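# Structure assessment
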Amino acid sequence: MNLTVIGTGYVGLVTGACLADAGNNVFCLDLNEEKIKQLNEGKIPIFEPGLEAIVKRNEAAGRLRFSTDVAASVAHGELQLIAVGTPPGEDGSADLQHVLAAARAIGRHMKGYKVVVTKSTVPVGTADKVKQEIIAEMKKRAATGEKSGSDFSVVSNPEFLKEGAAVEDFMRPDRVIVGSEDPRAIARLRQLYAPFQRNRERIIVMSVRSAELTKYAANAMLATRISFMNELANLAEAIGADIEEVRRGIGSDPRIGYQFLYPGIGFGGSCFPKDVKALQRSADEAGRPLRLLHAVEAVNEAQKHVLTEKIRAHFQQNLKGKKIAVWGLAFKANTDDMREAPSQVLIGDLLREGASVAAYDPAAHEAARKIYSNEKNVQIVDGAVEALEGADALAIVTEWQEFRSPDFDAIKAKLKSPAIFDGRNLYDPPALKAQGIAYYPIGRKT
Ligand SMILES: NC(=O)c1ccc[n+]([C@@H]2O[C@H](COP(=O)([O-])OP(=O)(O)OC[C@H]3O[C@@H](n4cnc5c(N)ncnc54)[C@H](O)[C@@H]3O)[C@@H](O)[C@H]2O)c1
């Protein structure tokens, strides 16, 4: 099939590349000229395991093209997949300006039948707005005597890929949600996703509105699990229990399960925080406030400061002149994404307290250097051990594999006050005690 992907970010690039790999002819459109230039020079603007090889293979085969040419891109695809950002607006609701701009671009340039597929995470009712924008543009064209002669359908097809495992998730989805009441469009989507579900059908067809809500419901549920575990971890710590033992104890119940049951320093990233907010806004507007989600958000905001509190307590509430090594800046492992990352909250706290920071992340160093370019008290270094040079203590923020079994002797030798503040519970408390390192995990007995 000929496909157009509008928006070439984490979702758009992975989607475009994987769909090209399945044999489709894909145009990836973006308004960001720098991004498209980089892609056309063979540079991948994001860190995502496995993505580069797929992009290169399909570009070389002529199935994957990157462009800023809106008219040519829209004309190309029978399916128009919208994967632009939906950042939070000032009141927390999803800002739909990019989605609606993409819809107008489609209306302005479409010829022939188009299936408009919304992959961006959007509130219930957005498909109707997309439809109205397209119709308005078509009317403008008709008024000038231009024949657009077009017929189209809007489908909600929310994306569930996880950054860090995005290619794998796209290639082997747990489910593909297709929100549509139009049999012709549904048939197109079945055809599109057929190569990704060879052993069993994973498409779930539902109404457009249910599909739009499903995406928010999934992220809100996952965020709720995290906040629940974080709050329980803080309780465990206060009353002498160990959250890791509790986690194993409850995860063994198949109704609960082990996945997504880890306490830590709060969720971040480009999705959970904004989606939890946007769903709350939608619920408020509908007169059905989601009280649980207010708590989920409040717990998360507080949790992002938990490591700071532990660091302050260790240093008798005085961090002036202290240097803290930070391992991990990305909001989770295997990505370079620092949007809403808890590391930014921790670093902000430390700077306000008069401390300085030497931080290392295996992938997010470039993103971090942009964020902290004007901050003389934050140094982004190129290695985990380098971050420890002259530092008083170490804080671990992201669960990168390379932090899991470090050389504790080296850590002890380099830190002025050998202490590790572990926001991801990576280590065994008795082992650290035996090493003579003060260890502060989340919700554990030390
Ligand atoms: N990142 C994730 O893990 C993830 C997972 C599932 C769903 N989502 C959702 O997918 C959507 C995209 O997220 P993302 O992380 O890929 O965003 P992103 O910010 O990485 O990429 C969005 C891209 O869209 C481009 N863009 C904006 N307006 C445009 C327009 N009118 N025409 C063409 N290009 C335009 C931007 O330049 C940018 O490159 C969001 O709604 C997000 O909530 C994201």
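The coordinates are above.
Here is a short report on the structure shown in this document. What you see is a predicted model, and the numbers here were worked out from it, not measured in a lab. (Residues numbered from 1 in each chain as written. Predicted model: local features only at pLDDT ≥ 70, side-chain atom pairs only at ≥ 80, totals over all residues. Heavy atoms only, no water.)

## Digging into the site of the ligand
- Around the ligand there are 26 residues in total, and Asp30, Lys35, Thr86, Glu163 and Lys274 lie nearest to it.
- Between an oxygen atom of the ligand and a side-chain N or O atom of arginine 339, the distance comes to 3.0 Å.
- Computed on the free molecule, the ligand has an accessible area of 830 Å², of which 88% lies beneath the protein chains in the complex.
- Secondary structure elements with two or more residues in the shell around the ligand: helix 1 (10–21) and helix 5 (97–109). (Near = heavy atom within 4 Å. Polar contact = N/O pair within 3.5 Å; in protein donor to acceptor, adjacent residues only side chain to side chain. Areas by Shrake-Rupley, 256 points an atom, 1.4 Å probe, with all protein chains shown as cover. Helix = DSSP H or I, 4+ residues; strand = E, 2+ residues; numbered from the N terminus.)

## Looking at the pairing of strand 4 (residues 79–82)
- Along strand 4, one buried face is formed by Leu79 and Leu81 and the opposite face, lined by Gln80 and Ile82, is buried too.
- Note that strand 1 (residues 2–6) and strand 4 share four bridges and pair parallel. Bridge pairing in strand 4 links valine 5 to leucine 81.
- What joins strand 4 to strand 5 (residues 114–118) is helix 5, and the crossover it makes is right-handed. (Buried < 20%, exposed > 50% of the residue type's maximum accessible area, 1.4 Å probe, protein only. Pairing = 2+ DSSP bridges. Right-handed = clockwise from strand over helix to strand, strands pointing away.)

## As for the nonpolar core
- In this structure, Ile311, Val326, Trp327, Leu329, Leu394, Ile420 and Tyr427 are the most contacted members of the largest nonpolar core, which totals 58 residues.
- With near-sequence residues (within four places) excluded, leucine 394 lies in contact with Ala325, Trp327, Leu388, Ile411, Leu415, Ala419, Ile420 and Phe421.
- If you look at the next biggest cluster of nonpolar residues, it comprises 40 residues, including Leu3, Ala17, Ala20 and Leu51. (Core = buried A, V, L, I, M, F, W, Y, C linked by side-chain atoms within 4.5 Å. Contact = heavy atoms within 4.5 Å.)

## Quick word on the side chain of aspartate 392
- Mapped onto the fold, aspartate 392 is located in the loop between helix 16 (384–388) and strand 12 (393–396).
- Buried charge without a salt bridge: aspartate 392, with lysine 416 as the nearest opposite-charge side chain at an N-O distance of 4.2 Å.
- The contacts of aspartate 392, once residues within four sequence positions are left out, are Phe315, Gly321, Lys322, Lys323, Leu415, Lys416, Ser417 and Pro418. (Lys, Arg positive; Asp, Glu negative; His and termini not counted. Salt bridge = Lys/Arg side-chain N within 4 Å of Asp/Glu carboxyl O.)

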